[in-house]
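As a plain string of letters, each chain reads:
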Amino acid sequence: MLNKISEAIDILIGTEQGHPMSPELFKTYLLDLSIDLNEVLGLKIPNLNGELISHLLWADDLVLLALDQRSLQILIDKVHQFCELWGLSVNISKTAIMVFNKTGRQLQESHGFKYGRITIPAARTYCYLGIVFNLNGSTTAATDELRKKQGCKKRKCEVDGKRILQKLAADPLEKLHLRFLKWTLQVHKKCANLTCYGDTGRFPLVIQLAKQAISYFNRLRDLDKTRSKSFVRHAFAEQRINKLTWYQNTIKLLEIAGHHHQTDSACPTRIKLKLQEHFNQLWEVERHKSSKLSYYNQVKRTPHIHYEDFLDLVCTEDRKSLMRLRSSSDRFNCETGRYVTDKELATSNALKSWYKRCEFCVSDDTKWLTHLPFCNIIEEDEHHILISCPKFHQLRTELHEETKSLLLRNEDHHYLYNQPHIYRFGGYVRKIFNQRFPKTKKKKDTK
């Protein structure tokens, strides 16, 4: 400090913060506590798959479990004796008693417990390892709290086709994944998730992590087969016997991937590939169902999710313009007209096309004609903007002849996203966006 060496600091108790000996000494001390608690006889304690569980110990966080007052007080006394013997202390301000019951009320039995001479307070909720426990034993509050931390609202979704995608998008981790993809692609947050997956070649994170999840499931299954005495094996057996949520969901995941032998270990890599194939089929069906993605389906000819070459364009504006065009996340009237909330629309379907009209080809004075049966409103969609809108005629004449020839052939637009046309087409689309939506410079305040 200040180019000087400070005086030596004597360590009179414990070790320096972060010293490698600290966790080793801690484990040496606490190991005997776990052994002492397991050796106490004549207690009524919970049974997990035939194994008596008197306590949970994670680092310095200890939970004592018992089925009656007497047994719990004996365990507390055992902890007190151990701490007195080895010079350890318990933080009573972070210690509480909870008696679980179906009513969720604080019962009289939760009062009167003592640690030495200190009375331990009763609590209605308690947070252990980040999970909030309630007196009724429900984990709903804990789940809601985790959702709040992730910024995700509670949402119910049925499992079927399009709703599978909605359920994925509602997952907090996948929601963050999609936000990152859209930020990278520089598209609006309402951009279709299908296009983000399809053009980046990325799959939902639940599929990306499936390999690790299945590997872990296989290890637990092997422990169960060998009748291991480990706590995690008993927890796994409890999940299997009672058909609890985590076990059932993992089995469904294996069945989706085509693995129906519940007793055999599944190959994690093969399961991941099968899940990708399953999601790819779902993606292919749903994108063709979406009326919003008509142009995307025309230019995305490959029936599988893969990385698109146009994302490698050096010019950021060209890349952004192409992505917004093909994903229909632009501000053309055909897109913005979908979200118009006009009262007249409830009574007249003819007005729906009016809000999607091309303002350069259809005059505002012709709105009354929309009620006539022969009226055909020119909509400002991707095809009209690229091929026939007179506002961008000059830009089309400046295009390279070969690129312009492909552009005018409506069925060949997917070639425009390949070499060598991608550079010319990217510049053309960028100029259209700049001309259609000119940037307005903000005036500086002058004092």
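Residue positions within a chain follow its written sequence, with the count starting from 1. Confidence filtering applies because this is a predicted model: local features only for residues at pLDDT of at least 70, side-chain atom pairs given and counted only at 80 or more, and all residues used for totals across whole chains, interfaces and linings. Each side-chain value is derived from all of the structure's non-hydrogen atoms; neither hydrogens nor water enter the calculation.

### Structural notes on the overall build of the protein chain
So, step 1. Counting its secondary structure elements, the protein chain contains 19 helices and eight strands.
So, step 2. Exposure classes here rest on a 1.4 Å probe applied to the protein chains alone. A residue is buried below 20% of its type maximum, exposed above 50%, and partly exposed in between. By residue count, 36% of the 447 residues in the protein chain fall in the buried class.
So, step 3. A sequence separation of at least 24 residues applies to 56% of the contacts in the protein chain between residues at least 6 apart.
So, step 4. The method behind every accessible area is Shrake-Rupley, applied with a 1.4 Å probe, and residues are considered shielded solely by the protein chains displayed. Accessible surface, the protein chain as shown: approximately 28900 Å² in total, 54% of it carbon and sulfur. Secondary structure elements are defined from DSSP: runs of H or I of at least 4 residues count as helices, runs of E of at least 2 residues count as strands, and each element is numbered from the N terminus. A contact between two residues is defined here by any heavy atoms of the two lying within 4.5 Å.

### Details of the pattern of salt bridges
So, step 1. One speaks of a salt bridge when a side-chain nitrogen belonging to Lys or Arg is within 4 Å of a carboxyl oxygen belonging to Asp or Glu. Per the stated rule, a full pass over the model turns up 14 salt bridges.
So, step 2. For Arg233, the salt bridge goes to Asp224, with nearest N and O atoms at 3.3 Å. Residue Arg233 shares its accessibility class with Asp224, and that shared class is buried.
So, step 3. Linking Arg287 and Glu284 is a salt bridge whose minimum nitrogen-to-oxygen distance equals 3.0 Å. On the criterion of helical spacing, the pair formed by Arg287 and Glu284 is a turn pair, its members being three residues apart in helix H11 (residues 268–289). Here Arg287 matches Glu284 in class, with each residue buried.
So, step 4. Among the charged side chains, a network of salt bridges with common partners joins Asp199, Lys300, Glu308 and Arg326.

### Observations regarding the pairing of strand E3 (residues 55–58)
So, step 1. Two strands pair when backbone bridges link them, and E3 and strand E4 (residues 61–64) are joined in this way by four bridges, in the antiparallel orientation. Paired with His55 across the strands is Leu64, a residue of E4.
So, step 2. Taken together, E3 and the strand that follows it, E4, pair antiparallel across an intervening segment of two residues, in which Ala59 is found at a positive phi of about 55°. A strand pair is defined by DSSP finding two or more bridges across the two strands.

### Re the confidence of the model for the protein chain
So, step 1. Confidence of the predictor at the level of single residues is captured by pLDDT, which takes values from 0 to 100. Confidence in the prediction for the protein chain averages 82 pLDDT; 85% of positions are at 70 or higher.
So, step 2. When mean pLDDT is taken per element in the protein chain, helix H6 (residues 193–200) scores highest with 93 and helix H4 (residues 162–170) scores lowest with 64.
So, step 3. Here residues 153–161 is modelled with pLDDT under 50, and outside its nearest four sequence neighbours on either side it reaches 15 contacts, counting other chains as well.

### Some remarks on the packing of helix H8 (residues 210–225) against helix H10 (residues 245–256)
So, step 1. Where H8 meets H10, the closest approach of the two axes is 12 Å, and the angle between their N-to-C directions is 115°. As H8 packs across H10, the resulting crossing turns out to be left-handed. On H10, the residues that touch Ile214, Tyr216, Phe217, Leu220 and Arg221 of H8 are Trp246, Tyr247, Thr250, Ile251, Leu253 and Leu254. Helix axes are fitted only over the stretch in contact, all axes being lines through C-alpha atoms; the angle between N-to-C directions runs from 0 to 180 degrees. Each crossing is labelled by how the near helix is turned from the far one, with a counterclockwise turn of less than a right angle marking it left-handed and a clockwise turn marking it right-handed.

### Observations concerning the packing of aromatic side chains
By convention here, two paired aromatic rings are described through the distance between centres and the angle between planes.
So, step 1. Pairing of aromatic side chains here covers Phe, Tyr and the six-membered ring of Trp, requires ring centres within 6.5 Å, and sorts the geometry by plane angle: under 30 degrees stacked, over 60 edge-to-face, intermediate tilted. In this structure the tally under the stated criterion is 16 aromatic pairs.
So, step 2. Measuring from ring centre to ring centre gives 6.3 Å for Phe236 and Trp246, while their planes differ by 75°; the resulting arrangement is edge-to-face. Separated by 10 residues along the polypeptide, Phe236 in helix H9 (residues 231–241) and Trp246 in helix H10 bring together distant segments of the chain.
So, step 3. Note on Trp246: relative accessible area 36%, which makes it partly exposed.
So, step 4. Among the aromatic residues, those joined into a ring-pair cluster are Tyr216, Phe217, Phe236, Trp246 and Tyr247.
So, step 5. To sit over a ring, a charge needs its Lys NZ or Arg CZ within 6 Å of the ring centre and within 35 degrees of the ring normal. Between Arg326 and the ring centre of Tyr417, over which it is positioned, the NZ or CZ distance is 4.7 Å.

### Quick notes on the packing of H8 against H9
So, step 1. One can describe the packing of H8 onto H9 by two numbers: an axis separation of 9 Å at closest approach and a directional angle of 95°. Relative to H9, the element H8 lies roughly perpendicular. Packed against H8, whose contacting residues are Tyr216, Phe217, Leu220, Arg221, Leu223 and Asp224, the element H9 presents Val232, Arg233, Phe236, Ala237 and Arg240 at the interface.
So, step 2. Note that Gly is not counted as nonpolar here; it falls among the polar residues with everything else outside the nonpolar set of Ala, Val, Leu, Ile, Met, Phe, Trp, Tyr, Cys and Pro and the charged set of Asp, Glu, Lys and Arg. Partitioning the contact of H8 with H9 into residue classes produces seven nonpolar, no polar and four charged. With respect to orientation, any angle under 35 degrees is reported as roughly parallel, any angle over 145 as roughly antiparallel, any angle of 65 to 115 as roughly perpendicular, and every other angle as oblique.

### With respect to the pairing of strand E7 (residues 125–128)
So, step 1. In this structure, E7 lies alongside strand E8 (residues 131–134), joined through four bridges in antiparallel fashion. Residue Tyr126 lies in a different strand from E8, and its bridge partner there is Phe133.
So, step 2. Where E7 folds back onto E8 in an antiparallel hairpin, the turn is made up of two residues, including Leu129, whose phi is positive at roughly 55°.

### Description of the state of the cysteines
So, step 1. When the sulfur atoms of two cysteines come within 2.5 Å, that pair is taken as a disulfide. One pass over the full model with this rule turns up zero disulfides.
So, step 2. Looking at the unpaired Cys191, the closest cysteine sulfur is the one in Cys196, lying at 4.2 Å.
So, step 3. No disulfide involves Cys361; its sulfur sits 3.6 Å from the nearest other cysteine sulfur, which is in Cys358.

### Comments concerning the nonpolar core
So, step 1. The biggest cluster of nonpolar side chains holds 55 residues, and the ones touching the most others in it are Leu325, Leu386, Tyr417, Phe425 and Tyr428.
So, step 2. The leading source of residues in this core is helix H19 (residues 421–436), at six residues.
So, step 3. Aside from chain neighbours lying at most four places away, what touches Leu325 is Tyr295, Asp330, Phe332, Glu382, Leu386, Tyr417, Phe425, Val429 and Phe433.
So, step 4. Judged by nonpolar contacts, the second largest core, of 17 residues, contains Ile76, Val79, Ile97 and Tyr115. Definition of nonpolar core: a set of buried residues of the types Ala, Val, Leu, Ile, Met, Phe, Trp, Tyr and Cys, connected through side-chain atoms within 4.5 Å.

### Re helix H13 (residues 316–326)
Helical geometry: 3.6 residues make up each α-helical turn, so side chains three or four residues apart lie on a common side.
So, step 1. For H13, the complete set of buried residues consists of Asp318, Lys320, Ser321, Leu322, Met323, Leu325 and Arg326.
So, step 2. Ser328 occupies a position one or two residues after H13 and carries a positive phi of about 55°.

### With respect to the environment of Val132
So, step 1. With respect to the helices and strands, the residue Val132 is situated in strand E8.
So, step 2. Between the C-alpha atoms of Val132 and Ala142, which are 10 residues apart in sequence, the distance is 4.9 Å.
So, step 3. Ignoring sequence-local partners within four residues, the contact set of Val132 consists of Thr125, Tyr126, Cys127 and Ala142.

### Things to note about a nonpolar patch on the surface
So, step 1. Taken together, the side chains of Met21, Leu25, Tyr29, Leu85, Trp86 and Leu88 define a hydrophobic patch exposed on the protein surface, amounting to about 560 Å² of accessible area.
So, step 2. Going through the elements one at a time, helix H1 (21–39) and helix H2 (69–86) are the ones with two or more residues in the nonpolar patch.
So, step 3. Considering each element in turn, the nonpolar patch owes the most residues, three residues, to H1.
So, step 4. Tracing the backbone shows Leu88 in the loop between H2 and strand E5 (114–115). Only residues above 30% relative accessible area that lack a salt bridge enter a patch, with like-charged residues linked at up to 9 Å and the nonpolar side chains Val, Leu, Ile, Met, Phe, Trp and Tyr linked at up to 5 Å.

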